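Examination of the molecular architecture
Spelled out from the first residue to the last, the chains are:
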Amino acid sequence: MKHFTKLFTDLDQTTKTLGKIKALVEYFEKASDQDKLWAIALLSHRRPKRTVNASYLAQWANELSGLPDWLFYESHHVVGDLAETITLMLPAEFEESNYSLTYWIDFIKALEPLEVHQKKEKILWAWSQLNETERFVFNKLITGSFRIGVSQQLMVKALAKYANVKENIIAHRLMGNWSPDINTFQDLLFADEGTDFSKPYPFYLAYALEDEISSLGDPEDWIAERKWDGIRGQVIVRNGQLFVWSRGEELVTDKYPEYHVMLSLLPEGTVLDGEILPFKDDKPLTFNHLQTRIGRKTISQKLLKDVPVSFITYDVLEWQGQDIRTCKFEDRRKLLEEICSKESTVLRLSPRVMFNTWEQLAEERARSRDFLSEGIMLKRKDSIYRNGRRRGDWWKWKIDPLTVDAVLIYAMRGNGRRANLYTDYTFAVWDGDQLVPFAKAYSGLTDEEIRQVDRWVKVNTVERFGPVRSVKPELVFEIAFEGINKSSRHKSGIALRFPRMARWRKDKLAKEANTLSDLNALLKITENT
Amino acid sequence: MDLLQFTDKGIYCAQAGVYLDPWKPVEKAIISHGHSDHAYFGHKYYLSTSIAMPVIKHRLYLQDNIETLNYGEIININGVNFSFHPAGHIPGSAQIRVEFKGEVWVFSGDYKLQDDGISTPFEPVKCHTFITESTFGLPIYKWKPQQEVFTEINQWWLKNKAEGKASLIAGYTLGKSQRILKNVDPSIGKIFTHGAVDTINEVMRKQGIDLPEAPRITNEVSKDDLKGALIICPPSAVGSPWVRRFLPYSLGIASGWMRLRGTRRRRGADRGFVLSDHVDWDDLNTAIKETGAQRVYVTHGYSELFAQWLNEQGVEAHEVKTKYEGELGEMAETASTENEDGTKNDTTTTQP
Ligand SMILES: [Zn+2]
Ligand SMILES: [Zn+2]
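All of these numbers come straight from a predicted model, not from anything done at the bench.

**Overview of the overall build of chain A**
- Within chain A, the secondary structure is distributed over 19 helices and 24 strands.
- Burial analysis of chain A (529 residues in total) assigns 54% to the buried set.
- If you take every contact in chain A between residues at least 6 apart in sequence, the share linking residues at least 24 apart comes to 70%.
- On chain A, roughly 24,500 Å² of surface is accessible, and the fraction owed to carbon and sulfur atoms is 50%.

**Describing the coordination of the zinc ion (ligand 1)**
All names here are of chain B.
- Coordination of the zinc ion (ligand 1) by the protein comes from His38 (NE2), Asp110 (OD), Asp110 (OD) and His300 (NE2), over a distance range of 2.1 to 2.7 Å.
- Given four donor atoms and angles of 52 to 114° at the metal, the environment of the zinc ion (ligand 1) is assigned as irregular.
- Classification of aspartate 110 by relative accessible area gives buried; the value is 0%.

**Some points on the sheet that holds strand E2 (residues 207-208) of chain A**
Residue and element names in this part refer to chain A.
- Taken in spatial order, the five strands make up an open sheet running E2-E15-E13-E3-E12, and their pairing is mixed. Each edge of the open sheet carries a strand with a single partner, namely E2 and strand E12 (352-353).
- Both strand E13 (residues 373-380) and strand E15 (residues 394-398) contribute to a ladder of five bridges, which runs antiparallel. Looking at the pairing, methionine 377 lines up with lysine 396 of E15.
- Packing against the sheet, helix H16 (residues 329-339) makes contact with strand E3 (222-228), E12, E13 and E15, and its axis sits at approximately 60° to E3.

**A look at the sheet that holds strand E1 (residues 5-6) of chain B**
Residue and element names in this part refer to chain B.
- Pairing is mixed in the open sheet, where six strands are placed in the order E1-E2-E3-E4-E5-E6. On the outer flanks of this sheet lie E1 and strand E6 (66-69), each paired with one strand and no other.
- With two bridges connecting them, E1 and strand E2 (residues 11-13) associate as antiparallel partners. Opposite glutamine 5, over in E2, you have tyrosine 12 as the bridge partner.

**As for the interface of chain A and chain B**
- Chain A puts 38 residues into the contact, and the matching count from chain B is 34 residues.
- For the chain A and chain B pair, buried surface summed over both sides reaches about 3,100 Å², with 49% attributable to carbon and sulfur atoms.
- For the interface between chain A and chain B, the tally reads three salt bridges.
- Among the ionic pairs, Glu163(B) bridges to Lys22(A), the shortest N-O distance being 3.7 Å.

**Focus: the nonpolar core**
- By size, the foremost hydrophobic cluster in this structure holds 100 residues, and its most contacted members are Leu101(A), Phe138(A) and Tyr141(B).
- Every residue in contact with Phe138(A), bar those within four places of it in the chain, is listed here: Met1(A), Trp104(A), Phe107(A), Ile108(A), Ile123(A), Ala126(A), Trp127(A) and Leu130(A).
- Counting residues in each nonpolar core, the second largest holds 32 residues, with Leu408(A), Leu445(A), Leu496(A) and Leu519(A) among its members.

**With respect to the side chain of Ser487(A)**
- Here Ser487(A) shows up in the loop between strand E22 (483-486) and strand E23 (494-497).
- If we skip the residues at most four places from it in the chain, Ser487(A) touches Gly493(A), Ile494(A) and Ala495(A).

**With respect to helix H10 (residues 152-163) of chain A**
All names here are of chain A.
- Over its 12 residues, H10 extends 16 Å from the first C-alpha to the last, a length consistent with the 16 Å expected when each residue adds 1.5 Å.
- Looking at H10, one finds that the buried residues are Leu154, Met155, Val156, Ala158, Leu159, Ala160 and Ala163.
- Phi turns positive one or two residues past the end of H10, at asparagine 164, with a value near 55°.

**Description of the packing of aromatic side chains**
Residue and element names in this part refer to chain A.
- In this structure the tally under the stated criterion is 42 aromatic pairs over all chains.
- Every member of this aromatic cluster is reached through a ring pair, and the members are Tyr99, Tyr103, Trp104, Phe107, Trp125 and Phe138.
- In this arrangement the basic side chain of lysine 36 is found over the ring face of phenylalanine 185, its NZ or CZ atom lying 5.3 Å from the centre.
- Looking at lysine 379, its charged tip hangs above the ring of tryptophan 394, at a distance of 4.1 Å from the centre.

The rules behind each value
Residues numbered from 1 in each chain as written. Chains lettered and ligands numbered in written order. Predicted model: local features only at pLDDT ≥ 70, side-chain atom pairs only at ≥ 80, totals over all residues. Heavy atoms only, no water. Helix = DSSP H or I, 4+ residues; strand = E, 2+ residues; numbered from the N terminus. Buried < 20%, exposed > 50% of the residue type's maximum accessible area, 1.4 Å probe, protein only. Contact = heavy atoms within 4.5 Å. Areas by Shrake-Rupley, 256 points an atom, 1.4 Å probe, with all protein chains shown as cover. Donors = N, O, S within 2.8 Å, 3.2 Å for Na, K, Ca; no water. Tetrahedral: all angles 85-135°; square planar, octahedral: opposite > 155°, others 65-115°. Pairing = 2+ DSSP bridges. Axes fitted to C-alpha atoms, helices over the stretch in contact; angles between N-to-C directions. Buried area = accessible area lost by both parts, 1.4 Å probe. Salt bridge = Lys/Arg side-chain N within 4 Å of Asp/Glu carboxyl O. Core = buried A, V, L, I, M, F, W, Y, C linked by side-chain atoms within 4.5 Å. Expected span 1.5 Å × (residues − 1). Phe/Tyr/Trp six-rings, centres within 6.5 Å; stacked < 30°, edge-to-face > 60°. Lys NZ or Arg CZ within 6 Å of the ring centre and 35° of its normal.

Below, the structure is given as structure tokens:
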């Protein structure tokens, strides 16, 4: 655990890419193969299953600290992270030990069948064997919240450097269905291609366009498509089998039974990139509809009928078993159009948006909401399909968000990085002379504005409920959001997608804020079904 | 009537007509220490410890309207005895003891129990009523012994030096910066300071406080000199164009808030050193016990929570609202009171 904790600390202590790669390579050089494999798994979000309920961990840590529960609760609120709070609350004493990372992972896995009191005994022992930083890593592992600032790209770079294998090969191998329980480190890095048919390619992700559209140069060099509001996915047909991957690197084949027809639509050795999107009567449905399918374990016939899902494809990455990502996008697109020439309600080609000038494209973009689309995707005709998020060849040109002016009514202390400030706000709009809460937002203000609001909240508190304060309804903020939907779970009857504070409207009085009927009007415009 | 009252101008002693650390202009102010949330502009008459005086005088442009007492010395104002006692927070910082007809109140100002090697160490003072800060009044805040923290800082500096980098360490201009300067290992390499830090250092050197040599950064300092050097600067300098000249560098921040991973990451530092001039949870509880006070008022920090905790421990405690900005504390400092060249600007600052 000492090596891994050092790796964790090193990664945590540098914001620079080169520093992170160096730390990873140093770790790979020191750690055993099994530990390396686990480290890679953990850093690519493959965590061991949770075997102890987090609230037990909090309870036991608190018992050890000898402090009242509420103090633990308040501390947790300030810290934001449970594993970290437990670590900070535990008594400092420990015995120096040096078990391996794999030892502790096996230890955590072995807890599963035990009774609660046996688990407790084991956990208390574990805490007694670890110093503060090791405890933190252990607590992160056991609460299943191990996350650290290492992108897949960075990991690929480090492994490529350590193992002296090409980056794109490593990137491909790291994806797909592997687990430290089944595979060995040697498998992962040095195995022959083709053993895992399900393996997807790393997704190429676009940056948002921030400059003027004209900065992209000649419109002739670009292909435009609509940007769909679904889930990014990859459809793979290999070895006579279908695999569907979502961008979160999750195998979701079983969630979309309608995709089964792909096996007859696509030939062996095909990989398509596109969007998983609910589609009915030749029109896309909202993301809200898709959400009704995401969470379900089993998909009922009724749901299949109400929310049928299509795959809107916009790229082909593998054809006849060949990786064609280095072909020009223009050529891949031509091939894709041929592949999709057969009409199907499940496999649809994302249509090209034709334009000659940037002005024309801007007009098309302005019509995005008519297509339930989030804006325009721009892809350079001669671009190859790259790994991860890269600048230059692919851009998303999103439509401006919807906005509404709302009144701040509750404030809650932030957590994590904003632990000591009131940073999480609830906003309301008018319904007659009542203020109805309709959105929570915690991003969009500058640090200085946050401090000002924090100070204001402290002197304008009306009531307190634990970490939440209700405040005088005086401050008005412009709330921007990406979408609006009906919701029976909210008092206001609506739910926003990605609400955030666009501006602090110091120029407005509370009574000038928008009303619930304004929001309902927006709902009508955007629902469009 | 209580001997001390909490008013909208500050803590007030009506019997003597005197305020403690007032934040609005008053006739007579007794000042615990020179941090700007305690020592405000515009009072007619100031009283501080003799050690704190030069910095306060410098920061507030005072002429002869400040008088001083040594620690333990008593001044009687209309029958009330006032005296200063070491608070261990920064050089010259004091707790203020107020006694009238046998009743004793102590206002802690800001304080810590750890001996930092530069401030007169904290001394507990018996009292009936104790007004305490609670900047770090939650059990998650625990400090390591100072020596361990400086070992970390020295090792970080050595490593950076070996990699050909400068080590930029940010700490509050008054107090933290001098504590760092006094306790790092000067044999590792050259030490430089930001102008705002150097100005305070000069004031302190003049009054006889012994600080290692640490020239201020000017355009004359060569790039070669900076390689492998330690540069002490205020948090506000981080992120300003001023720091570019040190590239490549590693950035460390020294503050109690660095105890939380979230704050550490938010500040974009390579290293966070948990080094605070305030009491941690354990020391806060120890200090209160040692005063023997029957009643405690809790100011800046987690005052509401800490007061609740004390009440559950059987100590009568109340939360008091003041303008001491402990909760935002050191990390919220937006701009230095002094520019690089030592001149002052009037951006409002929030300081511990
Ligand atoms: Zn203070
Ligand atoms: Zn202070």
